[in-house]
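# Structural characterization, general
The chain contents come next:
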Amino acid sequence: MIVFCIGAALIASGAAMAEDIFTITDSLNATDPTQLGRLSRNGISQAWIGTELYPGVINPTITYFYTAYEITVPTDGQFLQIDINSLSANTFVSAYAGSYDPTNLAANWLGDQGSSGNFFTDPLNPSITDPSFFQVIAPGSTVWIVVNQTATGTSGLGDPYSILVEAFADTEFNDPVPTPEPASMLLLGTGLVGLIAARRRKLAA
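## Let's talk about the nonpolar core
If you look at the biggest cluster of nonpolar residues, it comprises 24 residues, and the most contacted ones within it are Leu 80, Ile 82, Val 93, Val 143, Ile 145, Ile 163 and Val 165. If you list the elements that add at least two residues to this core, you get β4 (19-26), β6 (57-72), β7 (79-85), β8 (91-97), β12 (132-137), β13 (142-149) and β14 (161-168). By residue number, the principal contributor to this core is β14, which donates four residues. Filtering out sequence-adjacent residues up to four positions away, Ile 82 remains in contact with Val 93, Ser 132, Phe 133, Phe 134, Val 136, Ile 145, Ile 163, Leu 164 and Val 165. One finds Tyr 66, Tyr 100, Trp 109 and Val 146 within the second-largest nonpolar core, a separate group that totals eight residues.

Here it is as structure tokens:
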């Protein structure tokens, strides 16, 4: 399992980009925990405007594998977009606020992928697809991203997926306030020292 948590906004060509707060490439396996039942796939991806209602649980007596990732949310970037790159029909991604209870899938639910797999496939080249995504608004400092199996037995185990979570300041895709780079802090400090020195000279005159 490879996990990268990035705490500062990425800076490119002098302009801030969305803050990537979590990225992972992984797969479910037989050592992951299990739960009874799973979320229903209603075909509706959650969006910041609230397009999706809680879809309910199906097959409450059947065992499914799942894994969950805890993500720290920046205070100025609580509008999250979760991108999923996966060709598997046997995995499904959802998001929860604060904690995840596999015995109560309605508790803290924020939204989910709506359906499994990527959005579109090029009919002339099936290897070219567009990752799916959904959006949630984090009400607190942590969000759990849950990946669960949608089929029984070993179906879906070992199927690779990649997840990227991006943070935005609002629904207009504005960037969170970036963390100043060390060079910027040095310039700011130098400027303040210069202003203080100039003021002292003026007062002494």
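## Brief notes about the sheet that holds β6
The antiparallel open sheet is built from five strands, whose spatial order is β5-β6-β13-β8-β9. One side of each edge strand has no neighbouring strand; the edge strands of this open sheet are β5 (34-39) and β9 (109-112). Neighbour-to-neighbour, the strand axes of this sheet turn through a mean angle of 45°, independent of strand direction.

## Some points on the environment of Leu 110
The topology assignment puts Leu 110 in strand β9. Taking the C-alpha atoms as reference, Leu 110 lies 9.3 Å from Glu 52; in sequence the two are 58 residues apart. If near-sequence neighbours (up to four positions away) are discounted, Leu 110 is found in contact with Gln 46, Ala 95, Tyr 96, Ala 97, Val 136, Ile 137, Pro 139 and Val 143.

## Thoughts on unusual backbone geometry
For Asn 59, which is not glycine, the phi torsion reads 50° and is therefore positive. Looking at where Asn 59 falls in the secondary structure, it is placed in strand β6. Positive phi outside glycine occurs at Phe 173, with the angle close to 65°. Looking at the secondary structure, you find Phe 173 in the loop between β14 and α1 (182-204). Phe 173 gets classed as partly exposed once you look at its relative accessible area, which sits at 43%.

## A word on the environment of Thr 25
Counting through the fold element by element, Thr 25 comes out in strand β4. Residues Thr 25 and Ser 162 lie 137 residues apart in sequence; the distance between their C-alpha atoms is 4.3 Å. In this structure the side chain of Thr 25 is engaged in a polar contact, spanning 3.0 Å, whose partner is the side chain of Ser 162.

## Details of the packing of aromatic side chains
Taken as a whole and assessed by the stated rule, the structure comprises nine aromatic pairs. With centroids separated by 5.8 Å and ring planes inclined at 90°, the aromatic side chains of Trp 48 and Phe 79 adopt a geometry described as edge-to-face. A residue pair is termed long-range when its members are at least 10 positions apart, and Trp 48 in the loop between β5 and β6 and Phe 79 in strand β7 qualify at 31 residues. Per residue, the accessibility class of Trp 48 equals that of Phe 79, and both read buried.

## Let's talk about the side chain of Ser 132
Within the secondary structure, Ser 132 sits in strand β12. With near-sequence residues (within four places) excluded, Ser 132 lies in contact with Ile 82, Asp 83, Ile 84, Gln 113, Gly 117, Asn 118 and Phe 119.

## Re the pairing of β14
For β14, the buried fraction is high: six of the eight residues fall into the buried class. The sheet contact formed by β4 and β14 spans seven bridges and is antiparallel. Pairing of Asp 26 across the sheet is with Tyr 161, part of β14. One ladder, built from seven bridges, connects β7 with β14; its direction is antiparallel. The partner of Ile 84 across the bridge, within β14, is Ile 163.

Conventions and cut-offs
Residues numbered from 1 in each chain as written. Predicted model: local features only at pLDDT ≥ 70, side-chain atom pairs only at ≥ 80, totals over all residues. Heavy atoms only, no water. Core = buried A, V, L, I, M, F, W, Y, C linked by side-chain atoms within 4.5 Å. Buried < 20%, exposed > 50% of the residue type's maximum accessible area, 1.4 Å probe, protein only. Helix = DSSP H or I, 4+ residues; strand = E, 2+ residues; numbered from the N terminus. Contact = heavy atoms within 4.5 Å. Pairing = 2+ DSSP bridges. Axes fitted to C-alpha atoms, helices over the stretch in contact; angles between N-to-C directions. Polar contact = N/O pair within 3.5 Å; in protein donor to acceptor, adjacent residues only side chain to side chain. Phe/Tyr/Trp six-rings, centres within 6.5 Å; stacked < 30°, edge-to-face > 60°.

The values are spatial; any link to function lies outside them.
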